[in-house]
Amino acid sequence: MFFAPPEDLTAEVFAQVPEELAPKSGSEWGNVQHPGKNFRAFLEGPSFDRDGNLYCVDICHGRILRCDPEGQFSVAADYDGEPNGLKIHKDGRIFIADHAHGIMVMDPVSGTVEPYLTRPALERFHGLNDLHFASNGDLYFTDQGQSGLQSAHGRLFCLREGGELECLIDNIPSPNGLVLNENETQLYLAVTRMNAVWRIRFLPGSRTVIKSGTFIQLSGGLAGPDGLALGEGGELIIGHMGLGTIWVMSRLGEPMYRIRSPKGILTANCAFGGTEGRHLYITEAESSSILRVELPFAGKKMFAHM
């Protein structure tokens, strides 16, 4: 061990999808990704709107769920898709990385979900996973599909605020969650099947990728790192899928905290919320729950709140 063990924290259950919102049947996605399991809701992609509502995707059943500040769930949208990641634009629109279709956009008032970017150059994506807005409106997203060490064909894209689409990397073994660092000069990328987080570096003043490499190497779990979030001081928060753990690392990659799940091990994604922005809300898919823990620092302000 190069570092001292991180401080142990245990999250609490903030909210759980009620039984009455459980669909009556399974899903094709669930049968392939998690055979033999029935999920009430496979929660990922937590994002807060300006009113304190937490939106999440339910990839298993093609739904967008909304959890109010009191922990009550409702269905915000139900459509024929596989929503995998979710982020909110500062104009209020909800952008969805849909594994089946591509980038979709949702009207939070009507619940209407429509295509936004589904077939660039008339080609389908492999299967989108997650997305992240830069402060200037550029949208970064991952195209994971069924990539892995057996076939490293996953991709990282950037959709410029002006509409130009660029593939930044095309040989990733399972790209997943992503977040820009505090001054947006680098991007952290969860590479699930390598059990690692990569640091994607850019040439100064551009988005040309150079000298990228492994930032953190993890081990264990049933999958690997999934969603990422950033603290206001550059701390990196990593959802370790299949280990029931959220790791908190310093901006230099030193372990600070290990946050344990009180139920379920499918800890995927997280988002900062609360009145001071110091509560970390965590999606746990096995129990269809939102977990919560307080940290001594706040999260970096998201594009939705700029």
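Here, the structure is the one placed above.
This is a predicted model, so every value here is computed, not measured.

What counts as what
- Residues numbered from 1 in each chain as written.
- Predicted model: local features only at pLDDT ≥ 70, side-chain atom pairs only at ≥ 80, totals over all residues.
- Heavy atoms only, no water.
- Helix = DSSP H or I, 4+ residues; strand = E, 2+ residues; numbered from the N terminus.
- Rg over C-alpha atoms; globule rule 2.2 N^0.38 Å.
- Buried < 20%, exposed > 50% of the residue type's maximum accessible area, 1.4 Å probe, protein only.
- Areas by Shrake-Rupley, 256 points an atom, 1.4 Å probe, with all protein chains shown as cover.
- Lys, Arg positive; Asp, Glu negative; His and termini not counted.
- Charge placed at Lys NZ, Arg CZ, Asp CG, Glu CD.
- 1 Å grid on protein atoms, 1.4 Å probe; cavity = no way out; pocket = protein on both sides within 12 Å on 5 of 7 lines; lining within 4 Å.
- Points joined across faces, edges and corners; volume = space filled by probe spheres on them.
- Nonpolar A, V, L, I, M, F, W, Y, C, P; charged D, E, K, R; others polar.
- Pairing = 2+ DSSP bridges.
- Axes fitted to C-alpha atoms, helices over the stretch in contact; angles between N-to-C directions.
- Phe/Tyr/Trp six-rings, centres within 6.5 Å; stacked < 30°, edge-to-face > 60°.
- Lys NZ or Arg CZ within 6 Å of the ring centre and 35° of its normal.
- Salt bridge = Lys/Arg side-chain N within 4 Å of Asp/Glu carboxyl O.

On a plain count of helices and strands, the protein comes out with one helix and 25 strands. Against the globule reference of 19 Å for 306 residues, the protein gives a C-alpha radius of gyration of 18 Å, in line with a compact fold. The principal-axis extent of the C-alpha atoms belonging to the protein is close to 50 × 50 × 40 Å. When the 306 residues of the protein are sorted by exposure, 58% land in the buried category. If you sum the accessible surface of the protein, you get close to 13,200 Å²; carbon and sulfur atoms cover 47% of it. Between the averaged position of the 26 positive side-chain charges in the protein and that of its 37 negative side-chain charges there is a distance of 4 Å.

To continue, consider the layout of surface pockets. Empty space within the largest pocket amounts to approximately 830 Å³. If you go around the largest pocket, you meet 46 residues; those closest to its centre are F48, F272, G273, M302 and H305. Put simply, the parts of the chain that give the lining of the largest pocket at least two residues each are β3 (43-48), β7 (83-88), β11 (128-133), β15 (175-180), β19 (224-230) and β23 (267-273). When residues in the lining of the largest pocket are grouped by element, the largest group, five residues, is from β23. Residue composition of the lining of the largest pocket, grouped by class: 24 nonpolar, twelve polar and ten charged.

A word on the sheet that holds strand β12 (residues 139-143). Here we have four strands laid out as an open sheet, ordered β11-β12-β13-β14, and antiparallel in their pairing. Both outer strands of the open sheet, β11 and β14 (165-172), are each paired with one neighbouring strand and no more. Within this sheet the neighbouring strands show an average axis-to-axis angle of 15 degrees, counted without direction. As defined by bridge partners, β12 adjoins strand β13 (residues 154-159) across five bridges and the pair is classed as antiparallel. Opposite L139, over in β13, you have L159 as the bridge partner.

Spatial strand order, β2-β25-β24-β23: four strands in an open sheet with antiparallel pairing. A single partner strand is all that each edge strand has here, and the edge strands are β2 (12-16) and β23. Averaged over all neighbouring strand pairs, the angle between strand axes comes to 30 degrees, with direction disregarded. Note: β23 against strand β24 (residues 279-284), five bridges, orientation antiparallel. By the bridge assignment for β24, C270 is matched with I282.

As a further point, take the packing of aromatic side chains. Aromatic rings in a pair are described by how distant their centres are and how their planes are angled relative to each other. Applying the stated criterion to the full structure yields 13 aromatic pairs. Between F39 and F42, the aromatic rings sit 4.9 Å apart at their centres with planes inclined by 80 degrees, giving edge-to-face as the arrangement. The exposure class of F39 is buried, given its relative accessible area of 7%. Ring-pair connections join several aromatic residues into one group, and the members of that group are F95, Y116, F133 and F303. Taking the ring centre of F202 as reference, the NZ or CZ of R207 above it sits at 4.7 Å.

Unusually for a residue other than glycine, N195 sits at a positive phi of about 55 degrees. Structurally, N195 can be placed in the loop between β16 (186-191) and β17 (196-202). Here K211, not a glycine, exhibits a phi torsion of approximately 35 degrees, which is positive. With respect to the helices and strands, the residue K211 is situated in strand β18 (residues 209-217).

Here the focus is the pairing of strand β22 (residues 255-260). When strand β1 (residues 7-10) meets β22, the two strands line up parallel, connected through four bridges. Among the inter-strand pairings, T10 is bridged to a residue of β22, identified as R260. Here five bridges tie strand β21 (residues 245-249) to β22, and the two strands are oriented antiparallel to one another. Looking across to β22, one finds that M249 is bridged to P255. Taking the residues that link successive antiparallel strands as the turn, the β21-β22 hairpin has five residues, and the phi of G253 there is positive, at about 90 degrees.

Going through the model one piece at a time under the given rule, you end up with twelve salt bridges. Residue R251 is joined to E182 by a salt bridge in which the shortest nitrogen-to-oxygen separation is 3.1 Å. Of the two residues, R251 is situated in the loop between β21 and β22 and E182 in the loop between β15 and β16; the sequence distance between them amounts to 69 residues. Given a relative accessible area of 46%, R251 falls into the partly exposed group. We classify E182 as partly exposed; its relative accessible area is 29%.

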